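Structural characterization, general
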Amino acid sequence: MPEQQVQNLTLVFVDIPTIGTIREQQGEAVARDCQQRCLALLGDVRKQFTGNLVRSIGGTLLCSFADAANAVGAGVGMHRAIVSSGLAEDGVSIRMGMHAGPVQIRGGNYSGEVVTSAARMVTLAKTGCIVATASVREQAGKRLAAAFVPLAGDAAARLKMELFEIEWAGGEDAPESGDEESTTSDGRQRRKTRPKNP
């Protein structure tokens, strides 16, 4: 049996809830094409932010990021890519849930409270939204703090967790690669530097 490891990660669940509606209205072939195009696009953005694909089941992805700021950047970038690619006009929309902390890994299988909570966050997210926990906000760094809008309501009270929605439509707080400080899930400060254009 493979040895269990513990890594501090930010986990992102991505769901494509509108595929079912597209299938009902436009047929299986159109829905399959939209899903494949969407998954390919999401994969491209994930790679840009050095994320790993943990698993993919139908229209649901689980991705992991060593850096919370990269996870936020990928989430924002994925939503914006859906719009800029024209997939949104075809009826495609996504939702996301994020949580950060120690993850148990054994033989490529991820388990523990962080996985469970990230999965719960995506079920709380409305279509077109990103829901994240306070641990993601804390570790993403001060520069991205303005993108996190507190969520109130029964879910936050029931879970006894501080929850946030990450705004992605605006341009000023876009978490792209650049000179910034963020905090890794184990509390270390990390500084990223934007490559200089020649």
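Attention in this report is confined to the structure presented alongside it. (Residues numbered from 1 in each chain as written. Predicted model: local features only at pLDDT ≥ 70, side-chain atom pairs only at ≥ 80, totals over all residues. Heavy atoms only, no water.)

Turning next to the packing of helix 2 (residues 28-48) against helix 3 (residues 68-84). Helix 3 packs onto helix 2 with a crossing angle of 140 degrees between their chain directions and a minimal axis gap of 9 Å. Read as a crossing pair, helix 2 and helix 3 show a hand that is right-handed. Contacts between helix 2 and helix 3 involve C38, L41, L42, V45 and R46 from the former and A74, G77, M78, A81 and I82 from the latter. For the contact of helix 2 with helix 3, the class distribution of residues is eight nonpolar, one polar and one charged. (Axes fitted to C-alpha atoms, helices over the stretch in contact; angles between N-to-C directions. Helix = DSSP H or I, 4+ residues; strand = E, 2+ residues; numbered from the N terminus. Left-handed = near helix turned anticlockwise from the far one by under 90°. Contact = heavy atoms within 4.5 Å. Nonpolar A, V, L, I, M, F, W, Y, C, P; charged D, E, K, R; others polar.)

We now examine the environment of I105. With respect to the helices, strands and loops of the structure, I105 is situated in strand 4 (residues 95-106). Placed 103 residues apart in sequence, I105 and P2 show a C-alpha to C-alpha distance of 9.5 Å.

In this section: the side chain of S135. Examined against the element boundaries, S135 turns out to sit in helix 5 (residues 134-140). S135 sits in the buried class, given a relative accessible area of 14%. One polar contact links the side chain of S135 to the main-chain carbonyl oxygen of A100, over a distance of 3.2 Å. Once residues within four sequence positions are removed from consideration, S135 is found in contact with H99 and A100. (Buried < 20%, exposed > 50% of the residue type's maximum accessible area, 1.4 Å probe, protein only. Polar contact = N/O pair within 3.5 Å; in protein donor to acceptor, adjacent residues only side chain to side chain.)

Without other data, these values stay purely geometric and don't point to any function.
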